There are 2 protein chains.
Amino acid sequence: MSAERYLQIGEVAEQLALTPRTLRYYEEIGLLAPPSRMEGGFRLYSAADIDRLESIVQLKRLLGFSLREIKQVVEAMESLKLLRQESKQASDLETKRDSLRKGLEILEQQVEVLDGRMRQVAELRDQFNERSRRVRERLQQIEAELQAVVVETSS
Amino acid sequence: MSAERYLQIGEVAEQLALTPRTLRYYEEIGLLAPPSRMEGGFRLYSAADIDRLESIVQLKRLLGFSLREIKQVVEAMESLKLLRQESKQASDLETKRDSLRKGLEILEQQVEVLDGRMRQVAELRDQFNERSRRVRERLQQIEAELQAVVVETSS
DNA sequence: TAAGACGTTGACTTTAACGGAAACTGCGCC
DNA sequence: GGCGCAGTTTCCGTTAAAGTCAACGTCTTA
């Protein structure tokens, strides 16, 4: 079973529109956990590795986060995953509860960060929108005046 | 009149949490129009200069825009200002209308960029929020179970 | 008039990669 | 099994962007 498809660096790079060099770089700076290798040393990326890479790329493109910031986020997500497993396997309810609480805390922190960022962007957008609205008003007014002139001359 | 308060580079830097060196750098790469100077050569920044700097800093921090991208935005805003003056002075309505249209186009483009960015961030936040919600549910469930055990043993 | 900003210039640093050399691996084909 | 070649490995150097640091001289102002 589980013909779990592993990809080599070149294929992964193409899929994510990065270069193999960049993937090695991400690994080097600890952004990406070292993937498994073939006997000969070639890197083999699992579906999970690729998922993780995808969120890295998304964070980078969407938020303009630095790789250092992304690393923090990714690490938080990683510890979240650990907590989930821990909670799942825990036999006693108290341990389970504590894991969940901890996980919840991490999640809420992430939400807060994103929420803050989003609100700031929204505010900036609203400012532009308001200016836009005012210009549109002026424009309509001018166009009405022009229309009036045309009607007048054609009569 | 107009005790228009001019600030020196150090004060401006402090206000914006940049270094004087960075301000000179922004000027050097054409991001910031050269401010006026004292007789001795010290830079004097006007309120308008500082406003402009504030949007630069905001764009950088919020969106992770590169200085080159920011320069484009700033230039667009600058030309918008020119257009507004032009439109104000233009005697014929058609010129006025055309200026306004052009300005509007620039503004709408900016709004679109910001809007897109904002929605994407919001989406990511919602994903986290959803996970958060689910964990909270699980947690309540566990807590209820724990409660049940306590009641049971104490009876 | 002395201390402390500020001026310019050039070299240095950090971040996020890119490029190339030299050796090694995987794999299809004879 | 051996050959060839594309893909990969590590190592090391380079680059562009965005600054920072240092030196040394000038200006402001208490």
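Residues numbered from 1 in each chain as written. Chains lettered and ligands numbered in written order. Predicted model: local features only at pLDDT ≥ 70, side-chain atom pairs only at ≥ 80, totals over all residues. Heavy atoms only, no water.

Student: What is the right way to read the protein's contact with DNA strand C from this model?
Tutor: Around DNA strand C there are 21 residues in total, and A:Thr19, A:Arg21, A:Thr22, A:Arg68 and B:Arg43 lie nearest to it. Take the atoms of DNA strand C that sit within 4 Å of the protein: sugar and phosphate atoms are 71% of them. Contact distances for DNA strand C include 3.1 Å between a phosphate oxygen and a backbone N or O atom of A:Leu67. A distance of 2.9 Å separates a base oxygen of DNA strand C from a polar atom in the side chain of B:Arg21. When residues of the surface near DNA strand C are traced back to their parent elements, those giving at least two are α2 (20-28) and α4 (67-89) of chain A together with α1 (9-16) and α2 (20-28) of chain B. Among the elements that line the surface near DNA strand C, the one with the most residues is α2(A), at four residues. In the surface near DNA strand C, the residues fall into seven nonpolar, seven polar and seven charged. (Near = heavy atom within 4 Å. Polar contact = N/O pair within 3.5 Å; in protein donor to acceptor, adjacent residues only side chain to side chain. Helix = DSSP H or I, 4+ residues; strand = E, 2+ residues; numbered from the N terminus. Nonpolar A, V, L, I, M, F, W, Y, C, P; charged D, E, K, R; others polar.)

Student: Teacher, can you tell me more about the interface of chain B and chain A here?
Tutor: Frequently, the measure chosen for interface size is the accessible area removed from exposure when the parts meet. Listed per partner, the contact involves 41 residues of chain B and 40 residues of chain A. Buried area between chain B and chain A, summed over both chains or domains, comes out near 4,400 Å², and the portion from carbon and sulfur atoms is 75%. If you sort the residues of chain B by the area they bury against chain A, B:Leu62, B:Leu93 and B:Phe128 come out on top, with a joint share of 15%. At the surface where chain B touches chain A, the tally comes to six salt bridges. Put simply, A:Arg101 and B:Glu143 hold a salt bridge, and the shortest N to O gap is 2.6 Å. Joining chain B to chain A, the criterion identifies six residue pairs in polar contact (both at pLDDT 80 or more). For the side of chain B that touches chain A, the elements supplying multiple residues, two or more each, are α3 (47-63), α4 (67-89) and α5 (93-154) of chain B. Sort the elements by how many residues they give to the side of chain B that touches chain A and α5(B) lands first, with 32 residues. Of the residues assigned to the side of chain B that touches chain A, the class counts are 20 nonpolar, seven polar and 14 charged. (Contact = heavy atoms within 4.5 Å. Buried area = accessible area lost by both parts, 1.4 Å probe. Salt bridge = Lys/Arg side-chain N within 4 Å of Asp/Glu carboxyl O.)

Student: Any chance you could explain the protein's contact with DNA strand D here in plain terms?
Tutor: Lining the immediate surroundings of DNA strand D are 21 residues, of which A:Arg43, B:Arg21, B:Thr22, B:Leu67 and B:Arg68 lie closest. Each atom of DNA strand D within 4 Å of the protein was assigned to sugar, phosphate or base; sugar and phosphate come to 72%. B:Thr22 is positioned with one of its side-chain polar atoms (N or O) 2.5 Å from a phosphate oxygen of DNA strand D. Between DNA strand D and B:Leu67 there is a distance of 2.8 Å, counted from a phosphate oxygen to a backbone nitrogen or oxygen.

Student: Teacher, can you tell me more about α2(A) here?
Tutor: In an α-helix, one full turn covers 3.6 residues, which means residues spaced three or four apart are oriented alike. All names here are of chain A. Buried within α2 are the following residues: Leu23, Tyr26 and Glu27. Down the axis, α2 shows its buried residues gathered within 100° of arc, on one side only. Projecting away from the buried face of α2 at angles above 90 degrees are the exposed residues Arg21 and Glu28. Positive backbone phi, at 80°, marks Gly30, one or two positions downstream of α2. (Buried < 20%, exposed > 50% of the residue type's maximum accessible area, 1.4 Å probe, protein only. Arc of directions from axis to C-beta.)

Student: Help me out: how do you make sense of the side chain of A:Ser99 in this one?
Tutor: Relative to the assigned elements, A:Ser99 resides in helix α5 (residues 93-154). Beyond its immediate sequence surroundings of up to four residues, A:Ser99 is in contact with A:Leu83, A:Glu86 and A:Ser87.

Student: Teacher, can you tell me more about the packing of helix α3 (residues 47-63) of chain A against α4(A) here?
Tutor: Each pair of packed helices can be described by the angle between their axes along with the distance between the axes. Residue and element names in this part refer to chain A. Close contact between α3 and α4 brings their axes to 10 Å; oriented N to C, the two are set at 140°. With respect to α4, the axis of α3 lies oblique. Here the hand of the crossing between α3 and α4 comes out right-handed. Contact with α3, carried on its side by Arg52, Ile56, Leu59 and Lys60, involves Leu67, Ile70, Val73, Val74 and Glu78 of α4 and no other residues of that element. Classifying every residue of the contact of α3 with α4 by side-chain character gives six nonpolar, no polar and three charged. (Axes fitted to C-alpha atoms, helices over the stretch in contact; angles between N-to-C directions. Parallel < 35°, antiparallel > 145°, perpendicular 65-115°, else oblique. Left-handed = near helix turned anticlockwise from the far one by under 90°.)

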